[in-house]
Amino acid sequence: MPIIYLSPSTQEKNYYVSGGTEEQYMNLLADKMIPYLDSSGIRYTRNTPSMTAASSIAASNAGNYDFHLALHSNAAPEGRYGTVRGIIAFYYPGSAQGQRAAEIFANNLRAIYPLPNKVRALSTTTIGEVRRVQAPAVLLEIGFHDNTDDAAWIKNNLDEIARVLVLALTEYFGIPFLAPTAARSGMVDVDWGSLNIRSRPDLQAPILARAPDGAYLSIINLWQGWYLVNYNGTIGYASRDYVTLN
């Protein structure tokens, strides 16, 4: 299953026009994303508010991540303060996967942002979190925090934004989007040696692990005839037909 580096803003001095900071609200957004990431089987490592963009980049590059997602809100240039709205998904030119992801994020965010024609994907060579990151990367500028309407939209829609961002990630990775639900316990029930744990709910998908008959599984979610499970730390899909609920 995919693993991402999640990098909410560490810019504690970028103030929202209505109170609070970019760091505060992007970390709240990341908090809201966690249940959706967990329920869809996307693993993650997250930076901390004490880090910087540079240390977040270094931490991302020190790991083996499938994607790097940076969460920010924007501000208009001097002379236009408070007058600009919109969402930008930045990617590095030449990164086909970064561009594909940015376009997926933009398409999904258009469905919930009140001015969909102001949501766009753009390439950039100046932002470190797409230029210097080894994994495919997108930096999202989610609204303008110096604009009264955008600041209110961000604050009032954190859960919906989080849901849409994880929905976009599942589309990018080609896995189902699954709503959060309570985990259950199950046991492998096969007449042969072991049950395959796969990377996707597909009999042709790569096998991540094999769980022997009688092995215990934590069942995270259900997708059609497949359980999303955690087997000894390996998260993947197992056929529902061969798992008995405890």
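For the structure given in this document, a descriptive report is provided here. Note that the structure is a prediction, hence the values are computed from the model and not measured.

When you line up the elements, Q24 lands in helix α1 (residues 22-40). Considering only alpha carbons, one finds Q24 and Y92, 68 residues apart in sequence, at a separation of 26 Å.

Before going further, it helps to examine the sheet that holds strand β4 (residues 87-91). The strand order across the open sheet built from six strands is β2-β1-β3-β6-β4-β5, with neighbouring strands paired in mixed fashion. Each edge of the open sheet is held by one strand with a lone partner, namely β2 (43-46) and β5 (119-123). Taken over all neighbouring pairs, the strand axes of this sheet differ in orientation by 25° on average, direction set aside. Set on the sheet, α1 makes contact with β1 (3-8), β2, β3 (67-74) and β6 (137-144); between it and β3 the angle comes to about 140°.

This next bit is on the pairing of β4. Most of β4 is tucked away: five of the five residues are buried. Judged by which residues are buried, β4 turns out to be covered on both faces: I87, A89 and Y91 on one side and I88 and F90 on the other are all buried. In the sheet, β4 pairs with β5 via five bridges, with the strands oriented parallel. Across the sheet, F90 pairs through a bridge with L122, a residue of β5. Handedness of the crossover joining β4 and β5 through helix α3 (residues 96-110) is recorded here as right-handed. Pairing between β4 and β6: four bridges, direction antiparallel. Within the sheet, the bridge partner assigned to A89 lies in β6 and is L140.

It is worth spelling out the pairing of β1 at this point. In terms of burial, β1 is largely enclosed, as six of its six residues are buried. Neither face of β1 is exposed, since I3, Y5 and S7 on one face and I4, L6 and P8 on the opposite face are all buried. Each parallel crossover has a hand, and the one from β1 via α1 to β2 is right-handed. As defined by bridge partners, β1 adjoins β3 across five bridges and the pair is classed as parallel. Following the sheet pairing, I4 is matched in β3 by F67.

According to the stated counting rule, one finds four salt bridges in the structure shown. The residue D149 makes a salt bridge to R85 at a minimum N-O spacing of 3.9 Å. Taken together, the residues span a long stretch of sequence, with D149 in helix α5 (residues 148-156) and R85 in the loop between β3 and β4 at a distance of 64 residues. A relative accessible area of 46% means that D149 is categorised as partly exposed.

Right, let's get into the layout of surface pockets. Empty space left among the atoms is revealed by rolling a probe the size of a water molecule over them. Roughly 150 Å³ of volume is contained in the largest pocket. What lines the largest pocket is a set of 15 residues, among which Q11, A53, H72, E129 and L139 lie closest to the centre. Listed by contribution, the elements that provide at least two residues to the lining of the largest pocket are β1, α2 (53-62), α4 (128-131) and β6.

Further remarks concern the environment of Y81. Position of Y81 among the secondary structure elements: in the loop between β3 and β4. The exposure class of Y81 is exposed, given its relative accessible area of 52%. Considering only alpha carbons, one finds Y81 and S18, 63 residues apart in sequence, at a separation of 14 Å.

Definitions and limits used
- Residues numbered from 1 in each chain as written.
- Predicted model: local features only at pLDDT ≥ 70, side-chain atom pairs only at ≥ 80, totals over all residues.
- Heavy atoms only, no water.
- Helix = DSSP H or I, 4+ residues; strand = E, 2+ residues; numbered from the N terminus.
- Pairing = 2+ DSSP bridges.
- Axes fitted to C-alpha atoms, helices over the stretch in contact; angles between N-to-C directions.
- Contact = heavy atoms within 4.5 Å.
- Buried < 20%, exposed > 50% of the residue type's maximum accessible area, 1.4 Å probe, protein only.
- Right-handed = clockwise from strand over helix to strand, strands pointing away.
- Salt bridge = Lys/Arg side-chain N within 4 Å of Asp/Glu carboxyl O.
- 1 Å grid on protein atoms, 1.4 Å probe; cavity = no way out; pocket = protein on both sides within 12 Å on 5 of 7 lines; lining within 4 Å.
- Points joined across faces, edges and corners; volume = space filled by probe spheres on them.

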